[in-house]
Amino acid sequence: MENTIDTAGGVEEMNSIDKAVVMEPVTWRDFVQLAKPGIIFSNLITAFGGFWVASRWDIDWALLVFMIIGTILVIGSGCVLNNYLDRDMDTKMARTKKRALPTGKMEPNVVLWYGIVMGIVGMSVLWFLVTPLSALLGLLGLFVYVWIYTAWFKRTSVWSTVVGAISGAVPPIIGYCAVNEQLDAGAWILFAILFLWQMPHFWALGIRRMEEYRAAGFPLLPVVRGSFVTKISMMRYVVLLVPTSALLYLYGYVGMIYLVAAIVMGIYWAYLCLKGFSAKDEEAWAKKTFIFSINYLTILFLIIVIDTVHV
């Protein structure tokens, strides 16, 4: 009996050693992935667009570089802290369970301090090297994203996407207010475009990954109210987005090329949403709509830069 106990203990010890050996060491790539570079890149495009619109081709390149650095760090901080707070939920979803925290590859405290330090450095860059208003906007976006959206609404309310859209609409006005130190019409129009864009964008993903979100316990609109109600809501926001995007032209920030592109892309997005009501393969439709929403935002802001009215 004693030999059996010893053997079992030895096997258990060997298994723990094997796991330690199999577990890959933490690398700089793990830290990069925690900051979600894809999200940083897409938000950085909008921040750059906001900066360019406010500058009207009279570019302060040093200010632009500092704005980019500060914005990257603040957005990255939000994404890292989001990973930290969602680590328990991420184990329940196929697309997130292989991240560094759910797999146990990284210690939660390391990730927490990584996110905090990144946020402090990013805010300092914006405050001292860009403008205090940009820093305050960054702090607002970070607070809403981490504490109100991730820690509260994401786990408790169907309104989580709307709340999260507030923080997601902040990057373009960080860029805008780096140049024009006031929240004027241009800043609010950029905010409104990003705010309206996010709901149909994320709900398309929500329909595509509905069962994963249901299993993880996220009360997303498709999970709580179903895909039909979600599609109606998507239509509402896309239809509102078309005239809202046109305001940049009406207020004289951009030219006719932008206006035509914004209206055409917006109408096509509405058409895609409408097709969702008769889609035979709902997951394929949701994937196509989600991908188009990403392309819509990227193309829209590239055209904003190209077609910004000169001083």
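Residues numbered from 1 in each chain as written. Predicted model: local features only at pLDDT ≥ 70, side-chain atom pairs only at ≥ 80, totals over all residues. Heavy atoms only, no water.

Trainee: Run through the packing of aromatic side chains, naming residues and quoting values.
Mentor: Applying the stated criterion to the full structure yields 18 aromatic pairs. Their ring planes at 80° and their centres at 5.1 Å tell us that Trp52 and Trp57 sit as a pair that is edge-to-face. Ring centres of Tyr268 and Tyr271 lie 6.0 Å apart, and the angle between their planes is 40°; on these two criteria the pair is classed as tilted. Here Tyr271 and Tyr268 lie together in helix 14 (residues 256–275), a separation of three residues that amounts to about one turn. On the accessibility criterion, Tyr268 (35% relative accessible area) is partly exposed. Put simply, the rings of Tyr268, Trp269, Tyr271, Phe292 and Tyr296 touch in pairs and so form one group of aromatic residues. The side chain of Arg87 reaches across the aromatic face of Tyr84, ending 4.3 Å from its centre. In this arrangement the basic side chain of Lys231 is found over the ring face of Trp285, its NZ or CZ atom lying 5.2 Å from the centre. (Phe/Tyr/Trp six-rings, centres within 6.5 Å; stacked < 30°, edge-to-face > 60°. Helix = DSSP H or I, 4+ residues; strand = E, 2+ residues; numbered from the N terminus. Buried < 20%, exposed > 50% of the residue type's maximum accessible area, 1.4 Å probe, protein only. Lys NZ or Arg CZ within 6 Å of the ring centre and 35° of its normal.)

Trainee: Please set out the side chain of Glu212 residue by residue, giving values where relevant.
Mentor: Tracing the backbone through its elements, the reader meets Glu212 in helix 11 (residues 210–216). On the accessibility criterion, Glu212 (18% relative accessible area) is buried. Within the local environment of Glu212, its side chain forms a polar contact with the side chain of Arg209, the two groups lying 3.0 Å apart. Apart from residues lying up to four places away in sequence, Glu212 is in contact with Met93, Ala94 and Arg95. (Polar contact = N/O pair within 3.5 Å; in protein donor to acceptor, adjacent residues only side chain to side chain. Contact = heavy atoms within 4.5 Å.)

Trainee: So what about the pattern of salt bridges? Which residues, and what values?
Mentor: In total, this model carries eight salt bridges according to the counting rule given. Here Asp86 and Arg155 are joined by a salt bridge, their closest N and O atoms 3.3 Å apart. Of this pair, Asp86 sits in the loop between helix 4 (61–85) and helix 5 (87–90) while Arg155 is found in helix 7 (residues 132–156), placing the two residues 69 residues apart along the sequence. The exposure class of Asp86 is buried, given its relative accessible area of 1%. (Salt bridge = Lys/Arg side-chain N within 4 Å of Asp/Glu carboxyl O.)

Trainee: Tell me about the environment of Phe301, residues and numbers included.
Mentor: Within the secondary structure, Phe301 sits in helix 15 (residues 282–306). Counting along the chain gives 131 residues from Phe301 to Val170, while the straight-line C-alpha distance between them is 15 Å. Non-local contacts of Phe301, meaning those with residues more than four positions away in its chain, are made with Ile45, Thr46, Gly49, Pro172, Leu190 and Leu194.

Trainee: Could you give an account of the packing of helix 3 (residues 37–55) against helix 15, naming the residues involved and the relevant values?
Mentor: Put simply, helix 3 and helix 15 touch, their axes get as near as 9 Å, and they point 20° apart. With respect to their mutual orientation, helix 3 and helix 15 come out roughly parallel. With respect to the hand of their crossing, helix 3 and helix 15 are arranged in left-handed fashion. Here Ile45, Thr46, Phe48, Gly49, Trp52 and Val53 of helix 3 lie close against helix 15, whose contacting residues are Leu297, Thr298, Phe301, Ile304 and Val305. Class assignment for the residues of the contact of helix 3 with helix 15 results in eight nonpolar, three polar and no charged. (Axes fitted to C-alpha atoms, helices over the stretch in contact; angles between N-to-C directions. Parallel < 35°, antiparallel > 145°, perpendicular 65-115°, else oblique. Left-handed = near helix turned anticlockwise from the far one by under 90°. Nonpolar A, V, L, I, M, F, W, Y, C, P; charged D, E, K, R; others polar.)

Trainee: Can you lay out the nonpolar core for me, pointing to particular residues and giving the numbers?
Mentor: Looking at soluble globular proteins, one finds that nonpolar side chains tend to be buried together. With 84 residues, the main nonpolar core has Leu248, Tyr258 and Leu300 as its most contacted residues. In terms of residue count, the dominant contributor to this core is helix 10 (residues 185–208) (15 residues). Residues Leu34, Ala35, Met106 and Val111 belong to the second largest nonpolar core, which totals twelve residues. (Core = buried A, V, L, I, M, F, W, Y, C linked by side-chain atoms within 4.5 Å.)

Trainee: Outline unusual backbone geometry, supporting the account with residue identities and numerical values.
Mentor: In the Ramachandran plot, Lys36 falls in the positive-phi region, its phi being about 55° despite a non-glycine side chain. Within the secondary structure, Lys36 is located in the loop between helix 2 (28–34) and helix 3. One non-glycine residue, Arg56, lies in the positive phi region at around 55°.

Trainee: Tell me about the confidence of the model for the protein, and please be specific about residues and values.
Mentor: Chain-level statistics for the protein give a pLDDT mean of 91 and a share of 93% at 70 or above. Under a pLDDT of 50 for its full length, residues 1–22 has, in the predicted model, zero contacts with residues more than four places off or in other chains. (pLDDT = per-residue confidence, 0-100.)

Trainee: Break down the packing of helix 4 against helix 9 (residues 171–179) for me, with residues and values.
Mentor: Remark: helix 4 packs on helix 9, axes separated minimally by 10 Å, with the N-to-C direction vectors making an angle of 150°. By the angle class used here, helix 4 and helix 9 are roughly antiparallel. You can see that helix 4 and helix 9 cross each other, and the crossing is right-handed. The segment helix 4 lies against helix 9, with Leu63, Met67, Thr71 and Ile75 engaging Pro171, Ile174, Gly175 and Ala178. Looking at side-chain class alone, the contact of helix 4 with helix 9 contains six nonpolar, two polar and no charged residues.

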